[in-house]
Amino acid sequence: YAQQAATLSVSDNSNLTINRNIYGHFSEHLGHCIYNGFWVDSSLHVEKQDRIRLDIVKALQKIHIPNLRWPGGCFADEYHWRDGIGPRGSRPKMVNTNWGGVTEDNSFGTHEFLELCELLHCQPYITGNVGSGTVEEMSKWVEYLNFDGVSPMTAQRAANGHAAPWKVQFWGVGNESWGCGGNMTPEYYADQYRRYASFAKNYPGSPLLKIASGPNADDYNWTEVMMKQVPNWMMWGMSLHYYTLAGDWGHKGSATNFDEQTYFSALKSCLHMEDLVRTHSAIMDRYDPAKKVALVVDEWGIWTDVEPGTNPGFLYQQNSLRDALIAATTLNIFNNHCDRVRMANLAQTINVLQALILTDKEKMLLTPTYHVFDLYQVHQDAHYLPVALNSPDYTLGKEKIPAVNASASKDSTGTVHISLVNLDPAHAITVSTQLAGVTYKTISGKVITSAKFNDVNTFDQPNKIVPQDFKGASKKDGNLVVTLPAKSIVVLELK
Ligand code: AHR
């Protein structure tokens with residue numbers, strides 16, 4: 001039975017906060033994320049404000065999404081913001097060359113995105129075009145958004161119905177500049193970053209938090225060059241993109257039809273995020289020991305084959321219990337590295353990749369991943385509690401990974417939350433937990449699990465996987481003893 005027991009100690013000895021922006025999301029002009037996702041045809045029979053779908057807004061309000069990244073992704077480096085303002089009927093159309101070659105009508109632009117963020121009560125995170133845009137274009141966009149005075153840009157903004165500046169803070173300077181954003185070398189991009197960032201101005205009352213396009217997965221040289229060539233004060237953050245794959249880019253595998261080997265491979269790929277965050281952070285530490293520059297994991301999540309019969313360029317995939325385990329595990333990694341990871345964005349919010357929400361005309365469903373963000377919202381802006389975990393392995397054939405992962409925090413009322421994940425698909429694991437410096441009288445919790453790791457929510461059965469009350473935790477001899485069901489996510493509340 002040694003394989004089924006873990007020990008965990010949680011201590012209250014850090015001065016770190018889990019930045020709520022770790023719980024951010026991403027919405028690109030890709031497939032049905034914006035169009036037929038957030039932004040629907042006026043004839044669709046759902047509650048709307050303008051053309052924004054309000055059932056989606058309400059679902060996202062419930063989980064308090066802190067920020068939303070837009071307009072891409074690869075799309076950002078071919079997007080020209082001036083095409084997306086003014087009367088909708090006169091906006092020029094363009095081709096979305098990255099995603100399906102479809103015609104983009106620019107009906108969802110700057111004003112519509114910022115209206116969406118206002119409805120969601122979240123901060124906008126806008127990525128400017130470095131790949132095919134100009135310094136002047138980016139500079140004027142910032143002026144249009146943030147300047148509170150008399151200028152041609154602010155006159156145009158007022159003429160388009162928004163006299164007041166929006167005061168956008170999070171500002172991405174290009175996306176994947178090593179790839180779809182221009183195929184640049186890190187040396188070339190570092191210079192471009194310095195140039196574009198210089199003219200993305202901080203207007204009075206609206207300082208930008210500028211985010212550089214960072215490494216692809218384990219491209220440590222990119223991080224090294226950026227940290228060496230760009231002064232710390234010029235970057236609020238540097239991004240990292242990493243996707244979980246069950247196979248490789250040529251053979252990603254089905255989102256629903258997979259065996260235990262594929263399940264295991266996906267979890268192993270997800271756990272690689274720990275190595276990436278550690279290694280990139282260690283490089284950053286050499287140039288920025290005070291940890292002023294944030295590591296912003298602004299694209300993460302599992303990427304599978306598209307659902308059969310759907311447009312391969314639209315990246316529409318189902319979302320299983322496995323994907324919820326991946327989300328919970330990744331968020332535990334981010335929480336445990338909150339000294340450096342201060343923002344992250346799951347790709348992508350609706351109908352694309354590891355989505356929170358899937359829609360089919362008027363219908364919508366919340367995916368298992370949505371429910372993870374619902375339970376984990378307790379960690380947003382909470383005081384970080386370091387954890388030390390001794391986990392049994394989950395072994396398959398000759399390979400093994402730690403079966404359990406965890407993170408913990410204390411909120412402003414003194415309530416402690418511990419999020420635990422058991423990746424083992426067949427064994428319940430009992431975790432004996434010591435809490436140093438933490439007092440509590442009551443224990444409650446929620447669990448997400450299902451009979452099979454590839455179970456999903458469907459439009460016919462939208463509530464197959466939802467959080468349930470958890471009764472598997474109790475105090476024994478002063479220790480908190482928690483029995484995690486196989487393949488489960490548990491969030492405990494200690495008051
Ligand atoms: O999220 C889908 C795509 O993945 C993004 O557009 C791009 O940045 C990344 O390669």
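Since the model is a prediction, treat every value here as computed from it, not as a measurement.

### A few points about the sheet that holds strand β21 (residues 416-422)
Alright, step 1. Sheet architecture is open: 6 strands sit in the order β16-β20-β21-β27-β23-β24, paired in antiparallel fashion. Each of the sheet's edge strands pairs with one partner strand only, and the pair in question is β16 (383-385) and β24 (468-469).
Alright, step 2. Two elements, strand β23 (residues 443-448) and strand β27 (residues 488-494), share 6 bridges in a ladder whose sense is antiparallel. Considered in β27, the bridge of Ile448 is made with Ile489.
Alright, step 3. Packed on one face of the sheet, helix α8 (residues 321-336) meets β16, β20 (404-410), β21, β23 and β27 and runs near 55° to β20.
Alright, step 4. Running over the sheet, helix α9 (residues 368-376) touches β21, β23 and β27 and is turned about 165° from β23.

### Let's talk about the sheet that holds strand β9 (residues 170-173)
Alright, step 1. Spatially, 8 strands are ordered β2-β5-β8-β9-β10-β11-β12-β13 in a closed barrel, and the strand pairing comes out parallel. Strand after strand, the sheet turns through a mean of 30° between neighbouring axes, direction not considered.
Alright, step 2. Alignment of strand β2 (residues 24-26) against strand β13 (residues 341-347), held across 3 bridges, turns out to be parallel. Looking at β13, one finds that His25 is bridged to Leu346.
Alright, step 3. Strands in contact with helix α7 (residues 260-287) are β11 (237-244), β12 (294-302) and β13; relative to β11, the strand with the most contacts, it is inclined by about 160°.

### Some words on the packing of α7 against α8
Alright, step 1. Interhelical geometry of α7 versus α8 gives an angle of 15° and a closest axis separation of 10 Å. Viewed along their axes, α7 and α8 adopt a mutual orientation that is roughly parallel. The interaxial crossing formed by α7 with α8 has right-handed handedness. Every residue of α8 that contacts α7 at Tyr263, Ala266, Leu267, Cys270, Leu271, Met273, Glu274 and Val277 is listed here: Arg322, Leu325, Ile326, Thr329, Thr330 and Ile333.
Alright, step 2. Here the residues of the contact of α7 with α8 sort into 10 nonpolar, 2 polar and 2 charged.

### Notes on the UniProt feature "domain: Alpha-L-arabinofuranosidase C-terminal" (unreviewed entry) in the protein chain
Alright, step 1. The UniProt record annotates "domain: Alpha-L-arabinofuranosidase C-terminal" (unreviewed entry) at residues 298-488.
Alright, step 2. Between the end C-alpha atoms of residues 298-488 there is a gap of 26 Å, over a span that is 13% helix and 40% strand.

### Side note on the site of the ligand
Alright, step 1. If you check the shell around the ligand, you find Glu28, Gly72, Gly73, Cys74, Asn175, Glu176, Glu299, Ala347, Gln348 and Leu353 and nothing else.
Alright, step 2. Broken down by class, the residue content of the shell around the ligand amounts to 3 nonpolar, 4 polar and 3 charged.

### Section: helix α2 (residues 110-120)
Alright, step 1. If you check which residues of α2 are buried, you get Thr110, Phe113, Leu116 and Leu120. Down the axis of α2, the smallest arc covering the buried residues is 130°, so these residues share one side.
Alright, step 2. In the core, the buried residues of α2 are packed alongside β4 (52-53), α1 (54-62), β5 (67-70) and β8 (123-128).
Alright, step 3. Where α2 ends, the next residue or the one after it, His121, has phi of about 55°, a positive value.

### A short note on the pairing of β11
Alright, step 1. With 7 of 8 residues buried, β11 lies mostly within the body of the structure.
Alright, step 2. When strand β10 (residues 209-212) meets β11, the two strands line up parallel, connected through 2 bridges. Each residue of the ladder has a partner; that of Ile211, found in β11, is Gly237.
Alright, step 3. As paired strands, β11 and β12 are joined by 7 bridges and run parallel to one another. Within the sheet, the bridge partner assigned to Ser239 lies in β12 and is Val296.

### Overview of helix α6 (residues 220-229)
Alright, step 1. Within α6 the residues assigned to the buried category are Trp222, Thr223, Met226 and Met227. Buried residues of α6 fall within an arc of 120° about the axis and therefore sit on the same side.
Alright, step 2. Looking at the packing, one finds that the buried side of α6 touches α5 (186-199), β10, β11 and α7.

Calculation rules
- Residues numbered from 1 in each chain as written.
- Predicted model: local features only at pLDDT ≥ 70, side-chain atom pairs only at ≥ 80, totals over all residues.
- Pairing = 2+ DSSP bridges.
- Helix = DSSP H or I, 4+ residues; strand = E, 2+ residues; numbered from the N terminus.
- Contact = placed C-beta atoms within 7 Å.
- Axes fitted to C-alpha atoms, helices over the stretch in contact; angles between N-to-C directions.
- Parallel < 35°, antiparallel > 145°, perpendicular 65-115°, else oblique.
- Left-handed = near helix turned anticlockwise from the far one by under 90°.
- Nonpolar A, V, L, I, M, F, W, Y, C, P; charged D, E, K, R; others polar.
- UniProt positions renumbered as here; feature names shortened; annotations may be inferred.
- Near = placed C-beta within 6 Å.
- Buried ≥ 20, exposed ≤ 12 C-beta atoms within 10 Å, placed from the backbone.
- Arc of directions from axis to C-beta.

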